[in-house]
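# Structure at a glance
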Amino acid sequence: VMRYQYCPKCGAKLSLRRLGDDGEVPWCASCEMPWFDTFSTCVIALVTDGAGQVALLRQKYISNRYANLVSGYMQPGETAEEAAAREIGEELGLEVAKLRFVSTYWFEKKDMLMIGFIARVPHRPFGLSAEVDGAEWVPASEALSLVHPPGSVSYALVAAFLEEES
């Protein structure tokens, strides 16, 4: 989480000012505006072929032990839906046929807001990006045991998908 001490617009030292229900927040007297704490916003998507298979990725820079779902940072000017479709295209080389919002998740370990989706794509071979070490289609019923354990965002998203499918 980024906590502002100086105004990003004019560089003035910020002071605390009571602001309604928000309590005391960093305030720039020169610009007359608050500077709330900021954090990264990311997308995460469970990719399915609509026929019981889900795509699981291997990315050593994230984990040597667990499989991952498609995820990535949102870019300025991009909607969450656009970011999810872009990340699926970049990481797996697949085009999204249908995208549905599931939930938001707070990823405490990295102070990120994760926006979760389920994406349906055609079942095709992957065209992997350089940041993906491998990917495979696996039966959805096996995915829960392959992703990060309970409490993780990946686990919650796979569990939500399996609950809907049953």
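Provided above is the structure to which this section pertains.
Predicted, not measured: the structure shown is a model, and the values here were computed from it. (Residues numbered from 1 in each chain as written. Predicted model: local features only at pLDDT ≥ 70, side-chain atom pairs only at ≥ 80, totals over all residues. Heavy atoms only, no water.)

## Thoughts on the sheet that holds strand 1 (residues 15-18)
The line we're drawing: We treat two strands as partners when DSSP finds at least two bridges between them. Where helices and strands are cited, they refer to DSSP runs of H or I of at least four residues and of E of at least two residues respectively, numbered from the N terminus.
The strand order 1-2-3 describes an open sheet built from three strands, whose pairing is antiparallel. Every interior strand has two partners, whereas the edge strands, strand 1 and strand 3 (33-34), have only one. In terms of strand pairing, strand 2 (residues 24-28) meets strand 3 through two bridges, oriented antiparallel. Within the sheet, the bridge partner assigned to Cys 28 lies in strand 3 and is Met 33.

## What about the environment of Gly 20?
Our working rule: Using a 1.4 Å probe on the protein chains alone, a residue whose accessible area is under 20% of its type maximum counts as buried, one over 50% counts as exposed, and one in between counts as partly exposed.
Tracing the chain through its elements places Gly 20 in the loop between strand 1 and strand 2. With relative accessibility at 62%, the residue Gly 20 sits in the exposed group. Sequence separation of Gly 20 and Met 114 is 94 residues, and the distance between their C-alpha atoms is 27 Å.

## What to know about the pattern of salt bridges
Rules: The term salt bridge refers to a side-chain nitrogen of Lys or Arg lying within 4 Å of a carboxyl oxygen of Asp or Glu.
By the definition in use, this model includes five salt bridges. Here Glu 78 makes a salt bridge to Arg 86, at a shortest N to O gap of 2.6 Å. Neither Glu 78 nor Arg 86 differs from the other in exposure class; each is buried. A salt bridge links Arg 86 to Glu 90; its shortest N-O distance comes to 3.2 Å. Residue Arg 86 and its partner Glu 90 are both found in helix 1 (residues 80-92); the two are separated by four residues, about one turn of the helix. Among the residues examined, Glu 90 registers a relative accessible area of 40% and is labelled partly exposed. Connected through shared salt-bridge partners, Glu 78, Arg 86, Glu 87 and Glu 90 make up one network.

## Describing the packing of aromatic side chains
In plain terms, the rule: Within 6.5 Å between ring centres, the rings of Phe, Tyr and Trp (the latter by its six-membered ring) count as paired, and their orientation is classed by plane angle as stacked under 30 degrees, edge-to-face over 60, tilted in between. Here, a charge over a ring means that NZ of Lys or CZ of Arg falls within 6 Å of the ring centre while also lying within 35 degrees of the ring normal.
Overall, the coordinates contain four aromatic pairs when judged by the stated rule. With 5.2 Å between their ring centres and 25° between their planes, Phe 126 and Trp 137 make a pair best called stacked. Taken together, the positions of Phe 126 in the loop between strand 8 (112-120) and strand 9 (134-139) and Trp 137 in strand 9 put the pair 11 residues apart, joining distant regions of the chain. Judged by its relative accessible area of 21%, Phe 126 falls in the partly exposed class. Judged by its relative accessible area of 16%, Trp 137 falls in the buried class. Between Lys 13 and the ring centre of Tyr 6, over which it is positioned, the NZ or CZ distance is 5.2 Å. For the cation-ring pair, Arg 17 lies above Trp 27, with the distance from its terminal atom to the ring centre recorded as 4.1 Å.

## Topic: the environment of Ala 84
Our working definition: Contact definition: two residues touch when any of their heavy atoms are within 4.5 Å.
Take Ala 84: it is sitting in helix 1. Spatially, the C-alpha atom of Ala 84 lies 22 Å from that of Leu 146, the residues being 62 residues apart in sequence. With residues near it in sequence (within four places) discarded, Ala 84 still touches Val 43, Leu 99 and Phe 117.

## Structural notes on unusual backbone geometry
Despite not being glycine, Glu 32 has its phi angle at roughly 55°, a positive value. Along the polypeptide, Glu 32 turns up in the loop between strand 2 and strand 3. Look at Asp 111: it is not a glycine, yet its phi comes out positive at around 50°.

Fair warning: the whole summary comes from geometry, so function is off the table for now.
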